[in-house]
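Residue-level structural notes
Chain by chain, the residues run as shown.
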Amino acid sequence: MQKYKHFIIVTVLVLLTTVVLKYVVFGPMFRLPPAASAESAPIDALFEGHFWVISFLFALIMVLMLYAIVVFRRKSGDETDGPHVHGNTTLEIVWTIVPVFVVIGFAVWGMVALGQLLQEKDDEMVVVVTGKQWEWSFAYPEQGVKAAQLVLPVNQPILLEMYSPDVLHSFWVPEFRVKQDLVPGRPTFLRITPTEIGNYKLLCAEICGMEHANMVADVRVVDNATFLAWMEERSQRIDYAALTPVERGALWYGPEGDGGFGCNSCHSLDGSVIVGPSWLGLYGSTRVFDNGTTAVADDEYIRNSIFYPGQQVVQGFVNQMPNNYEELFAAQEADILLNDGLEIDIVADLIAFIRSLNE
Amino acid sequence: MQSLVKFFRSRLYDALAGAFFGALVGLTIALSTRYLHDLILIDWLGAAAPPIATEFVLPALGFLLVAGHAFIGFATGFGGFMGTRIGRFLYYGSATGYVRGFLGQVVFTLLGIGFLESIRALLGMTADGSTFNLFGTVISEPGFVFGALVGVIGFLLGSGVLTDWLLWITGAQTPLRHGAPPGKPEWFRYLNVDVNHKVIGIQYGYTSLLVLLAGGLFAIIFRIELAQPGMQWLTNAQYNTLFSAHGIVMIASILLGVGAMSNYLVPLMIGAADMAFPRLNAFSYWVGVPSVTLILAGMAVGGWDTGWVAYAPLSLRAPLGVQLFLMGFWINGFSSIASAINIIVTTMVMRARGMSWFRMPIFVWGAIAASLIQFTATQTVGVALMMSIAERAIGLNFFDPSGGGNPLLYQHLFWFYSHPVVYVFVLPGLGVISELLPVFTRKPLFGYKWIALSSLGIALVGFLVWAHHMFTAGMGDSLRTLFMITTMFVAVPTGVKFFSWVATLWEGKMTFETPMLFVLGAISVFLIGGISGPILGTVPTDLHLHDSYWVVGHFHATMFGGFVFPFFAALYYWYPKITGRMYKESLGKLHFWLMTPGFWVMSFGQMSIGIWGMRRRIADYDPALGIEAAQVLITVAGLVIGWSILIMLYNFVVSARTQEKAVRNPWRSRSPEWQIPSPAPEFNYDVPFVVVGDPYDYGIEAEYIRMGQAQPVPAGD
């Protein structure tokens, strides 16, 4: 009876502690962000199952350990050894076999839930996501729209088709629960059905270099009418002829999703250093290079620095700039010439924009 | 050859080495003064430095510091301060394996760079890609890689760890030397190449602790940055370098710590006089030193921003520092493989008579399971690292998709080693837990065979789960399912260990000296690591938690519970064996009661912010997350852990000099190493013992080993 007394007390303590841990300790400690996608339902159910197991196992081992410490510790004056117990094969088999069934159970649960997440829906809308160092851009091929923020109609199943031109990135909106890496050289896919209207953040979850922490984009889940209105607004072709060179320069400077070349992800306009030198006060200033030579930042220098970024590197900086802007600009200029009959020089626009910052 | 050896033993060499290191110390002080000056004056106060300071005072100060230190080094080396303790230390110190090794590394690195750059210049090649400006000369990346590689050979030659092998080529006889070199003090052994397994174990141990301090310092620096949103005192690039270096430096520290325990304990526990291959054993340790040097040097030549995993293609675009990191990591593999061979062979063939596999002290099971992994898995990461090095340096295209490479290939090769290596870290630690529990509960280990086989079980299953690190990487869905199932099975042998430990505690007559406290702390912390694992193993929940701070909390708990806490328990437990003196119990308890709650707060805090949306490896976080309080708490907890470890080191250093002599068997252990004097004699057991019983038969009068009759040690050798 004395022997069973311990086991009865411990069983009661373990069960009590499990419940207390689940609701009082781990409940508040391990909070999931609000759920905003259809995918959250099976995932959160699995989370709930795991939290029960976590609470139970933590209670089981800690209660047994603390109980043993308090009850069986050596009393003062007692110099004898503990009971000579070598083991118990039945117990060993039980605590090997029972966990086997539990983990198989959870693996099956995980498989079923994963199957739900991967399920292809009937009326999926495709959004092409591009992540590059250190900026997100989005394209809606069915509507022919590009954007720097991800706008999604509520309750519309979405298929994200994701590309990276440079390094690994990872698509994660905590409220949507699911996550998928972007792998250069191949598309990757993710299915999401947003269910709650609201504003969220898309975070890059895979280390992608210097500005990884700041590779964030806005995500807006809106009702269908708002989405259609936004699409309408975005699908207007930019009237390049109506813009001044400075305005066009500002456009080229901006994010890719807004029709620019994403200069903004590395060069600031306020004098702060992101990756490359700031454009504030750049024009006409004297540049000191890493080999000790200097030059005045004139038109020729800026054109050269954009097309051949490794040739003259400003002291204190490491060249991380892509060297394909000559091709990209030429392609864009040809496109505008073809569609708008307008001949422009993107570098000249950018120079005008940089000069305007001095005023 | 002979004249070269003569030169290395001459006083002129000592003087030159002294001058070199004096100048290096001077240069370090001068540069850091300069750096601090800039930081305080320009970055913090926003003031411009007065011209006289930058143009005259600082350079003059720098010159004086360098020249002065070089002179002091020269004079010290020449024996000017032989009368003083510090003089003796500097004199002998300048001739240690470390000084000779580093000197060799610097000289050979420069020679290697010079050689390759000359060839490149002759061929008319210009440096494209990453370059480094060394004293006004632009050095290409291949030049740097070649220099680093040759530099490691320079270290090995300089330190003397290859000397015996090289002399064998000439046909010379080189008997193993025991004891300090002639004319040198006893402590000189510990700073020089030595073949005794206990000396090597101690070398592993203090190097591990030094490297642990470096890695810990990096963590403290970026944890302070992370306490508040916004960037306070680091740039993004510095932050990225620090967290990347923290990861790999801590892994190096853990591998060294595992080496410390295995090398010191395995021969003692199985009744061997030394390891099977003593020179190879020394090589395993000494090749690890330049590997750590390369990694730290990588921080100075541009750093790197890839984390310790160095995923391609980011690693192919990262600054030059990544190349030295990759090489240091790669060189470390030699250490792992060589030491694993030694442990496996020693355990297989050198056990005392009567010591069958299931009569070995349980720690040996942990050590051999870990060695089997190291011996078979390290090569894969070596391949992955070398492919990255080659892709960067000479353009072989393996991983970059723009040339037809495959980025996922790197991840597979990398994790095929880097997942099992986690068990290399924890299996010896779990062995320590199982080893110490019976001693402090005065009870047999519950289910010895089950615990021993669960170590092998974990090692085996550990080979089949690597791709769970890639659940979001873009693998096929069937593979995700397969690896989810195998991963979940890791919980089974791990559970066996927990249940057996608790059953050992049950009805045990426990006492709570510092080693036992750390064992109990280890169980509680490893439990946190264990229960936070399966939720990462099922794919749907992992899709949310992957690359979040939950993972950071999970693996820190695994590493602390599986290695750091048991390692500290081992250090306290075998401290009287190593030094012959007892540590201060009060300071040991203080260390425990600071570190354990500190760690709980840190670990649960990390898991809590991770599930809420905090990403891994970010220099800054969005204040809108509302996790500032938790971030501050984690940083404070980290600082408390750091301080508590300094208390331990203080305890160890001071106790070795001031504490009273320890009794022969302070823990009343049945294990063989406690039946001989402390510190253990050069050859451990004068006469081999015979095993006649089971190792953990506490509670009954039963012999484990029967010591042989002591006989006079034969003269010579």
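Model, not experiment: these values are computed from the prediction.

Quick notes on the overall build of chain B
Along chain B, the regular secondary structure elements total 24 helices and 4 strands. A buried classification covers 60% of the 717 residues belonging to chain B. Considering only residue pairs separated by 6 or more positions, chain B has 79% of its internal contacts joining residues 24 or more positions apart. Within the structure as shown, chain B displays about 26700 Å² of accessible surface, and the carbon and sulfur contribution to it stands at 71%.

What about the overall build of chain A?
In terms of helices and strands, chain A carries 8 helices and 12 strands. In terms of overall size, chain A is more extended than a compact globule, its C-alpha atoms giving a radius of gyration of 30 Å where 359 residues would be expected to give roughly 21 Å. C-alpha extents for chain A along the principal axes are approximately 95 × 55 × 35 Å. Relative to its 359 residues, chain A shows a buried fraction of 48%. Put simply, 62% of the contacts in chain A that link residues at least 6 apart link residues at least 24 apart.

Notes on the nonpolar core
Ranked by size, the top nonpolar core spans 276 residues in total, and within it Trp136, Tyr140 and Phe171 of chain A together with Trp550 and Phe568 of chain B carry the most contacts. It is helix α9 (residues 236-270) of chain B that contributes the most residues to this core, 21 residues altogether. Viewed by domain, this core spans two of them, domain 2 (100-171) and domain 3 (189-658) of chain B, each represented by three or more residues. The next biggest cluster of nonpolar side chains, apart from the first, holds 27 residues, and it includes Tyr240, Phe307, Ile336 and Val347 of chain A.

Topic: the interface of chain A and chain B
Interfaces are often sized by the amount of accessible area the parts lose when they come together. Each partner contributes to the interface: chain A provides 91 residues, whereas chain B provides 91 residues. Of the roughly 7900 Å² buried where chain A meets chain B, counting both sides, 70% is carbon and sulfur surface. Interface area lost by chain A to chain B is led by Trp95, Lys179 and Ile207 of chain A, which between them contribute 8%. Across the pair Asp81 of chain A and Arg442 of chain B runs a salt bridge, and its minimum N-O distance is 3.1 Å. Going through the elements one at a time, α1 (2-29), α2 (40-72), α3 (89-118), β7 (179-182) and β9 (198-204) of chain A are the ones with two or more residues in the side of chain A that touches chain B. Split into classes, the residues belonging to the side of chain A that touches chain B amount to 57 nonpolar, 18 polar and 16 charged.

Details of the sheet that holds strand β1 (residues 125-132) of chain A
Within a sheet, adjacent strands bond to each other through the backbone by hydrogen bonds, running parallel or antiparallel. All names here are of chain A. Sheet architecture is open: 5 strands sit in the order β3-β2-β1-β5-β8, paired in mixed fashion. Two strands in the sheet have a free side with no partner beyond their single neighbour: β3 (145-147) and β8 (188-192). Geometrically, the sheet is characterised by an average inter-axis angle of 25 degrees between neighbouring strands, direction not taken into account. The pairing of strand β2 (residues 135-140) with β3 spans 3 bridges and is classified as antiparallel. Bridging across to β3, Phe138 finds its partner in Ala147. Helix-sheet contacts for helix α4 (residues 224-234) involve β1, β2 and β3, and the interaxial angle to β3 is about 95 degrees.

Some details on the pattern of salt bridges
Residue and element names in this part refer to chain A. This structure, assessed with the given rule, holds 20 salt bridges over all chains. The residue Arg234 makes a salt bridge to Asp258 at a minimum N-O spacing of 3.1 Å. Here Arg234, found in helix α4, pairs with Asp258, found in the loop between α5 (245-253) and β11 (286-288); they are 24 residues apart in sequence, far enough to count as distant. You can call Arg234 partly exposed: its relative accessible area is 28%.

Quick word on the packing of aromatic side chains
By convention here, two paired aromatic rings are described through the distance between centres and the angle between planes. Counted under the stated rule, the structure contains 82 aromatic pairs over all chains. Pairing Tyr311 of chain B with Tyr410 of chain B gives two aromatic rings, centres 6.4 Å apart and planes at 80 degrees, and the pair type is edge-to-face. Note that Tyr311 of chain B is positioned in the loop between α10 (278-300) and α11 (314-317) and Tyr410 of chain B in helix α14 (residues 407-418), a separation of 99 residues in sequence. Tyr410 of chain B shares its class with Tyr311 of chain B; the two are buried. Centre to centre, the rings of Tyr573 of chain B and Trp674 of chain B are 5.6 Å apart; their planes meet at 80 degrees, and the pair counts as edge-to-face. Of the two residues, Tyr573 of chain B is situated in helix α22 (residues 549-579) and Trp674 of chain B in the loop between α24 (628-658) and β3 (690-691); the sequence distance between them amounts to 101 residues. One residue, Lys179 of chain A, lies across the ring of Trp172 of chain A, its end atom 4.0 Å from the ring centre. A cation sits over an aromatic face here: Arg351 of chain B above Trp357 of chain B, 4.6 Å from the ring centre.

Focus: a nonpolar patch on the surface
Taken together, the side chains of Tyr4, Phe7, Ile8, Val12 and Leu16 of chain A make up a nonpolar region of the molecular surface, amounting to roughly 530 Å² of accessible area. Within the fold, Ile8 of chain A resides in helix α1.

Here's the deal with the sheet that holds strand β6 (residues 169-172) of chain A
Residues and elements named next belong to chain A. Ordered in space as β4-β10-β9-β6-β7, the 5 strands form an open sheet in which the pairing is mixed. Looking along the sheet, the strands with just one partner apiece sit at the ends: β4 (150-153) and β7. Averaged over all neighbouring strand pairs, the angle between strand axes comes to 25 degrees, with direction disregarded. When β6 meets β9, the two strands line up antiparallel, connected through 2 bridges. Considered in β9, the bridge of Phe171 is made with Cys204.

With respect to the side chain of Ser262 of chain B
With respect to the secondary-structure elements, Ser262 of chain B resides in helix α9. The contacts of Ser262 of chain B, once residues within four sequence positions are left out, are Pro267, Ile343, Phe363 and Ala367 of chain B.

Concerning unusual backbone geometry
In this structure, the amide linkage connecting Gln133 of chain A to the following residue, Trp134 of chain A, adopts the cis form with an omega of -5 degrees. Cis geometry is found at the peptide bond from Ser678 of chain B to Pro679 of chain B, where omega equals -15 degrees. Positionally, Pro679 of chain B belongs in the loop between α24 and β3. The backbone of Asn155 of chain A shows a phi angle near 60 degrees, a positive value even though the residue is not glycine.

Observations regarding α10 of chain B
Residue and element names in this part refer to chain B. With 23 residues, α10 extends 35 Å from end C-alpha to end C-alpha; this agrees with the ideal 33 Å at 1.5 Å per step. α10 sits mainly inside the fold: 17 of its 23 residues count as buried. Immediately downstream of α10, the backbone of Gly302 shows phi near 110 degrees, a positive value.

Quick notes on the side chain of Arg615 of chain B
As for its position among the elements, Arg615 of chain B is in the loop between α23 (585-612) and α24. This buried residue, Arg615 of chain B, is left without a salt bridge; Asp622 of chain B holds the nearest opposite charge, at 7.8 Å. At 2.8 Å, the side chain of Arg615 of chain B forms a polar contact with the backbone oxygen of Ala213 of chain A. Excluding residues within four positions of it along the chain, Arg615 of chain B makes contact with Trp172, Leu203, Cys204, Ala205, His212, Ala213, Met215 and Val216 of chain A together with Asp547, Ser548 and Tyr549 of chain B.

Side note on the state of the cysteines
All names here are of chain A. A full pass over the atoms with the stated rule returns 0 disulfides over all chains. Counting only cysteine sulfurs, Cys266 is the nearest neighbor of Cys263, a cysteine outside any disulfide, at a range of 9.0 Å. Taking the relative accessible area as the measure of exposure, Cys263 reaches 12% and is therefore buried. Residue class for Cys266 comes out buried when judged on its relative accessible area of 18%.

Details of the confidence of the model for chain B
Per-residue confidence for chain B gives a mean pLDDT of 87; residues scoring 70 or more make up 88%. Interface scoring of the predicted complex returns ipTM 0.85; its pTM is 0.87.

Considerations on the pairing of β8 of chain A
All names here are of chain A. The buried fraction of β8 is high, at 4 of 5 residues. Bridge count between strand β5 (residues 158-163) and β8: 5 bridges; the pairing is antiparallel. Considered in β8, the bridge of Leu159 is made with Arg191.

Observations regarding the packing of helix α5 (residues 97-122) of chain B against helix α6 (residues 141-159) of chain B
Residues and elements named next belong to chain B. One can describe the packing of α5 onto α6 by two numbers: an axis separation of 6 Å at closest approach and a directional angle of 150 degrees. Relative to α6, the element α5 lies roughly antiparallel. Crossing of α5 against α6: the hand is right-handed. For the contact of α5 with α6, the per-class residue count stands at 14 nonpolar, 12 polar and 3 charged.

Let's talk about the packing of α3 of chain A against helix α17 (residues 477-489) of chain B
Running from amino to carboxyl end, α3 of chain A crosses α17 of chain B at an angle of 160 degrees, the nearest separation of the two axes being 9 Å. Taken as axis vectors, α3 of chain A and α17 of chain B run roughly antiparallel relative to one another. Like other packed secondary-structure pairs, α3 of chain A and α17 of chain B cross with a definite hand, here right-handed. Contacts between α3 of chain A and α17 of chain B pair Val100, Val103, Ile104, Phe106, Ala107, Gly110, Met111, Leu114 and Leu118 of chain A from the former with Asp477, Arg480, Thr481, Met484, Ile485, Met488 and Phe489 of chain B from the latter. Split into classes, the residues belonging to the contact of α3 of chain A with α17 of chain B amount to 12 nonpolar, 2 polar and 2 charged.

Reading guide: rules and limits
Residues numbered from 1 in each chain as written. Chains lettered and ligands numbered in written order. Predicted model: local features only at pLDDT ≥ 70, side-chain atom pairs only at ≥ 80, totals over all residues. Heavy atoms only, no water. Helix = DSSP H or I, 4+ residues; strand = E, 2+ residues; numbered from the N terminus. Buried < 20%, exposed > 50% of the residue type's maximum accessible area, 1.4 Å probe, protein only. Contact = heavy atoms within 4.5 Å. Areas by Shrake-Rupley, 256 points an atom, 1.4 Å probe, with all protein chains shown as cover. Rg over C-alpha atoms; globule rule 2.2 N^0.38 Å. Core = buried A, V, L, I, M, F, W, Y, C linked by side-chain atoms within 4.5 Å. Domains from an automatic or database assignment. Buried area = accessible area lost by both parts, 1.4 Å probe. Salt bridge = Lys/Arg side-chain N within 4 Å of Asp/Glu carboxyl O. Nonpolar A, V, L, I, M, F, W, Y, C, P; charged D, E, K, R; others polar. Pairing = 2+ DSSP bridges. Axes fitted to C-alpha atoms, helices over the stretch in contact; angles between N-to-C directions. Phe/Tyr/Trp six-rings, centres within 6.5 Å; stacked < 30°, edge-to-face > 60°. Lys NZ or Arg CZ within 6 Å of the ring centre and 35° of its normal. Patch = residues over 30% accessible without salt bridge, like charges linked within 9 Å, V, L, I, M, F, W, Y side chains within 5 Å. Expected span 1.5 Å × (residues − 1). Lys, Arg positive; Asp, Glu negative; His and termini not counted. Polar contact = N/O pair within 3.5 Å; in protein donor to acceptor, adjacent residues only side chain to side chain. Disulfide = S-S within 2.5 Å. pLDDT = per-residue confidence, 0-100. Parallel < 35°, antiparallel > 145°, perpendicular 65-115°, else oblique. Left-handed = near helix turned anticlockwise from the far one by under 90°.

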